Structures are given as structure tokens and as C-alpha cells.
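Working through the structure, step by step
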Amino acid sequence: MAQNNQQNNQDVSQLEKVRRQKLADLQAAGQDPFVIVKYDQTHHSKEIKENFEALENQNVSIAGRMMFKRVMGKASFCNVQDLEGRIQVYVARDDLGEEAYKAFKKMDIGDIIGVKGFVFKTKTGEISVHAKELTLLSKSLSPLPEKFHGLQDTDLLSPALCGSDHE
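1. Quick notes on the overall build of the chain
Regarding its fold elements, the chain presents six helices and five strands. Going from N to C terminus, the chain has its helices and strands arranged as α-α-α-β-β-β-α-α-β-β-α. With 167 residues in all, the chain has 33% of them scored as buried. Here the contacts in the chain between residues at least 6 apart in sequence split such that 61% fall between residues at least 24 apart. Of the roughly 11,000 Å² of accessible surface on the chain, 50% is carried by carbon and sulfur atoms.

2. Some remarks on the sheet that holds strand β5 (residues 127–138)
A barrel is described by the order of its strands in space; here five strands give the closed sequence β1-β2-β3-β5-β4, paired in mixed fashion. Mean inter-strand twist for the sheet, computed between neighbouring axes without regard to direction, equals 55°. Across eight bridges, the pairing between strand β2 (residues 75–82) and strand β3 (residues 85–92) is antiparallel. Bridge assignment links Cys78 to a residue of β3, and that residue is Val89. Its contacts with the sheet put helix α5 (residues 98–106) on β1 (59–72), β2, β3 and β5, and the angle it makes with β1 is roughly 65°.

3. Some remarks on the nonpolar core
Ranked by internal contacts, the top residues of the largest apolar core, which has 24 residues, are Ile48, Val89, Ile113 and Leu134. Elements that contribute at least two residues to this core include exactly α3 (52–55), β1, β2, β3, α5, β4 (112–121) and β5. Residue contributions to this core peak at five residues, all from β5.

4. What about the pattern of salt bridges?
The final tally for this structure, using the stated rule, is six salt bridges. Between Asp94 and Arg93 there is a salt bridge whose closest N-O contact spans 3.9 Å. Using a relative accessible area of 65% as the deciding quantity, one classes Asp94 as exposed. Overall, Arg93 belongs to the partly exposed group, its relative accessible area being 23%. The salt bridge partner of Lys139 is Asp108, with a shortest N-O separation of 2.6 Å.

5. A closer look at the packing of aromatic side chains
In this structure the tally under the stated criterion is four aromatic pairs. Look at Phe77 and Tyr90: their rings are 5.3 Å apart centre to centre, the planes differ by 55°, and that puts the pair in the tilted class. One end of the pair, Phe77, is in strand β2; the other, Tyr90, is in strand β3, with 13 residues separating them in the sequence. An aromatic cluster is built from Phe77, Tyr90, Phe118 and Phe120, whose rings are joined through pairwise contacts. For Lys69, the ring lying beneath its charged end belongs to Phe104, and the centroid distance is 5.4 Å.

Reading guide: rules and limits
- Residues numbered from 1 in each chain as written.
- Predicted model: local features only at pLDDT ≥ 70, side-chain atom pairs only at ≥ 80, totals over all residues.
- Heavy atoms only, no water.
- Helix = DSSP H or I, 4+ residues; strand = E, 2+ residues; numbered from the N terminus.
- Buried < 20%, exposed > 50% of the residue type's maximum accessible area, 1.4 Å probe, protein only.
- Contact = heavy atoms within 4.5 Å.
- Areas by Shrake-Rupley, 256 points an atom, 1.4 Å probe, with all protein chains shown as cover.
- Pairing = 2+ DSSP bridges.
- Axes fitted to C-alpha atoms, helices over the stretch in contact; angles between N-to-C directions.
- Core = buried A, V, L, I, M, F, W, Y, C linked by side-chain atoms within 4.5 Å.
- Salt bridge = Lys/Arg side-chain N within 4 Å of Asp/Glu carboxyl O.
- Phe/Tyr/Trp six-rings, centres within 6.5 Å; stacked < 30°, edge-to-face > 60°.
- Lys NZ or Arg CZ within 6 Å of the ring centre and 35° of its normal.

Shown next as C-alpha cells:
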């Protein structure tokens, strides 16, 4: 068990190194993802889903944390989680442009992004946003906790963060 924990810590450490290198590359290219402090968001995920008929083919602007990404050549999908839920985003190279699509492919799960595009329904019937513009608002330097098991090392929890009065 201790060896497995040590392996997980090494994996996380390596992931953090990769993410910090991506940040350094962005900053060297003059694209610091921590500079944008305000993003003009027009809608939330829940609002788009509940008002699909009125918003279909309308331009929207959403922002949130990328929770999932599936890259498939010239087109990709990602899920963005905001304050009210999650919504799928369709990202196509032909709509974003070559450079912006390359930048999207380098983004990590956990990054906070802004998306401008129009509302549509996929062939499978999922309400989505077709991205016309994508902005990296904040780079996630640490990977998110593992989805099914959560945070394993409870010593990492700070009493102040947990709302606990005792240590």
C-alpha cells in the first residue's frame, strides 16, 4: 500500500512538472493565463439546457472548468463545468483556426476556459455549444482529485479548509 501511494505521488509530481512546463511555454509565448481577471459570460449551462428552444443557434458565452476532453483529429469535444452544471462544447479546427486548435489540444483537464459560440444539438441529441472562440482563463497546475476515489491522503486536508475547529 505504501509503495502504491509513493507511485501515485511520483505520478502526480510528474504531471505537475508537465503542467508547469506548459505554463512556462505559454508565458514565454506572451500568453500568460493568469492575466485575464474578467470574462464576459452571458449564460450558464443550466440556463442553456432549460431554454434550448429559445437559444438554439444563438450566440452565447460560457466559462468554467474543463472536466473532460476528447480529441479526435480535426474536431474535439470537452465538458465545461460552471456554477450550475456541465455542458458539452464542440471544438472544430476549421472554426477556431489552426493555432487556436493547437492551443486547445494542449489544454489540460482542470483548466478554466471561456467559450464563445452558438447553441446546437448533436446527432446524439446532446445540447452543446459549438465553439467559435476559446480562451484559456486560468491554468490548472495540479491535477484534479481522482474521480472515483477522491482524495486519498486525508493529511493533505487543512482543518481551515474543512471548516474544522480541531486538528
